[in-house]
Amino acid sequence: MFNYYPRSTVFQESMVSVVQGDVTGDRVADIVFLTGMKTPNSPFTQNITLHVQDGGTGVINSIPLRENTGYNPTLLLGDFTGNGVDEILVSIATGGSGGIMYHYIFSFLDNSAQLLFDFNVYNEQYQYDVHYQDNYKVEVVSRINDTKYIIDISTRDVEYLNEIYDTNGKLKSPITGFVNPLSGLYPVDFDSNNVYELLAYQKIAGRYNADSLGYVMNTLGWKENRFDLQNQNVAIWGS
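Counting restarts for each chain: residues are numbered from 1 in the order of the written sequence. For this predicted model, a pLDDT threshold of at least 70 governs which residues receive local features, and a threshold of 80 or more governs which side-chain atom pairs are given and counted, while totals over whole chains, interfaces and linings are taken from all residues. Only hydrogens and water are set aside; all other atoms, that is, all heavy atoms of the structure, feed into the side-chain values.

Asks: So what exactly am I meant to see when it comes to the overall build of the protein here?
Replies: Strands here are runs of E lasting at least two residues and helices are runs of H or I lasting at least four, both read from the DSSP assignment and numbered beginning at the N terminus. Helix and strand content of the protein: two helices and 16 strands. In terms of its C-alpha atoms, the protein occupies a principal-axis envelope of roughly 75 × 45 × 25 Å. Relative accessibility thresholds used throughout: buried, under 20% of the residue-type maximum; exposed, over 50%; partly exposed, between the two (1.4 Å probe, protein chains only). Counting all 239 residues of the protein, 42% fall into the buried class. In the protein, once contacts between residues fewer than 6 apart in sequence are set aside, the share between residues at least 24 apart is 43%. Entry remark: accessible area of the protein is about 12500 Å², with carbon and sulfur atoms responsible for 47%. The charge count treats Lys and Arg as positive and Asp and Glu as negative. His and the chain ends do not count. Charge positions come from single atoms, namely NZ of Lys, CZ of Arg, CG of Asp or CD of Glu. Of the charged side chains in the protein, 14 are positive and 27 negative, and the gap between their average positions amounts to 9 Å. The contact definition used throughout considers only heavy atoms, calling two residues in contact when any of these lie within 4.5 Å. Only the protein chains shown count as cover for residues, and the accessible areas themselves come from Shrake-Rupley with a 1.4 Å probe.

Asks: Please explain the pairing of strand β16 (residues 226–236) as it appears in this structure.
Replies: Moving residue by residue along a regular strand, the side chains alternate between the two faces of the sheet. Pairing between strands is defined by DSSP: at least two bridges between them are needed. Where strand β15 (residues 212–223) meets β16, 10 bridges bridge the pair, whose relative direction is antiparallel. Bridge pairing in β16 places N218 opposite Q232. Between the antiparallel neighbours β15 and β16 lie two residues, among them E224 with a positive phi of about 50 degrees.

Asks: Looking at this structure, I do not really get the packing of aromatic side chains. What am I missing?
Replies: We describe a pair of aromatic rings using the distance from one ring centre to the other and the angle between the two ring planes. Two rings belonging to Phe, Tyr or Trp (six-membered ring only in the last case) form a pair when the distance between their centres is within 6.5 Å. Interplanar angles under 30 degrees mark stacking, angles over 60 mark edge-to-face geometry, and anything in between is tilted. Enumeration according to the criterion identifies 13 aromatic pairs in this entry. Arranged with centres 5.6 Å apart and planes meeting at 40 degrees, the rings of F80 and Y196 form a pair that is tilted. With F80 in the loop between β5 (70–78) and β6 (87–93) and Y196 in the loop between β13 (184–188) and β14 (197–205), this residue pair connects regions lying 116 residues apart in the sequence. For Y196, a relative accessible area of 31% corresponds to the partly exposed category. Considering the side-chain rings of Y186 and Y201, the 5.5 Å spacing of their centres and the 90 degrees angle between planes classify their relative orientation as edge-to-face. Here Y186, found in strand β13, pairs with Y201, found in strand β14; they are 15 residues apart in sequence, far enough to count as distant. Since its relative accessible area comes to 42%, Y186 is described here as partly exposed. Residue Y201 is classed as partly exposed on the basis of its relative accessible area, which comes to 25%. Three or more aromatic residues joined by ring pairs make a cluster, and in this case those are F117, Y122, Y126, W222 and F227.

Asks: I tried to follow the pattern of salt bridges on my own but got confused; where do I start?
Replies: Where side chains of opposite charge bring their charged atoms close, a pairing between them can arise. By salt bridge we mean one thing: a side-chain nitrogen of Lys or Arg within 4 Å of a carboxyl oxygen of Asp or Glu. In total, this model carries six salt bridges according to the counting rule given. Of the charged contacts, one joins K148 and E139 as a salt bridge, the two residues approaching to 3.8 Å between their closest N and O atoms. You can call K148 exposed: its relative accessible area is 54%. Of the charged contacts, one joins R156 and D211 as a salt bridge, the two residues approaching to 2.8 Å between their closest N and O atoms. Of the two residues, R156 sits in the loop between β11 (147–152) and α2 (158–164) while D211 sits in the loop between β14 and β15, which places them 55 residues apart along the sequence. We classify R156 as partly exposed; its relative accessible area is 27%.

Asks: How should I be thinking about the environment of F227 in this particular structure?
Replies: Position of F227 among the secondary structure elements: in strand β16. The exposure class of F227 is buried, given its relative accessible area of 9%. For the pair F227 and D146, spaced 81 residues apart in the sequence, the C-alpha separation amounts to 18 Å. When neighbours within four sequence positions are excluded, F227 is seen to be in contact with F80, I105, L116, F117, L198, L220, G221 and W222.

Asks: Hey, could you run me through the pairing of β5 in this one?
Replies: Sheet topology places strand β3 (residues 44–53) next to β5; two bridges connect them, and they run antiparallel. Paired with T45 across the bridge in β5 is G70. Where β5 and β6 come together, six bridges link them in antiparallel fashion. Bridge pairing in β6 places L76 opposite L89.

If you want it as structure tokens, here you go:
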């Protein structure tokens with residue numbers, strides 16, 4: 001067991017998540033865990049740090065996280081690259097109204113930490129343009145693959161539509177929406193080859209964040225030392 005002791009009267013460092021599996025590639029199970037400083041009577045955690053204890057030697061290596069505060073930090077081990085060795089998925093909820101998440105994937109092959117996925121890099125790469133159109137339509141354009149989607153909002157509440165459109169279905173004024181940063185990253189083995197793809201969710205919002213229009217769902221797979229876009233869909237709300 002690992003023992004952590006209070007560093008102050010306000011916060012106490014403790015283990016907040018732990019999993020076991022071979023991440024070094026020596027076929028011996030390692031212990032992977034997160035520690036953090038929890039606020040009393042709150043799930044908010046600061047100074048979240050990733051640690052790997054080598055199952056063969058017992059040596060513990062610590063990996064600082066760039067974004068290291070949030071809620072419900074969790075770990076998942078899985079093969080995301082196809083090399084037959086587990087990588088480490090770290091997930092942290094921001095706690096904001098947009099449901100935005102922090103996600104990292106690390107390789108620890110041969111006891112060497114390598115960052116394979118960084119949510120900040122993903123958010124910079126996957127950008128979108130959202131514009132309301134006449135006749136109760138919203139256009140969503142994904143820049144990374146130059147693909148356009150049209151969302152029909154004609155079934156929305158009449159009061160909502162009347163604020164935006166005139167009686168002829170024409171926009172009263174230009175309206176621009178937006179797509180949130182990453183709000184979920186889910187490992188899925190779509191082709192049943194024991195290698196996980198990543199299903200990434202980003203919420204499409206209209207005039208404000210609570211005005212949700214649907215989700216962009218990107219499927220990413222490991223290719224040539226990076227996660228590449230394999231498939232993209234837009235999911236909308238039913239009525």
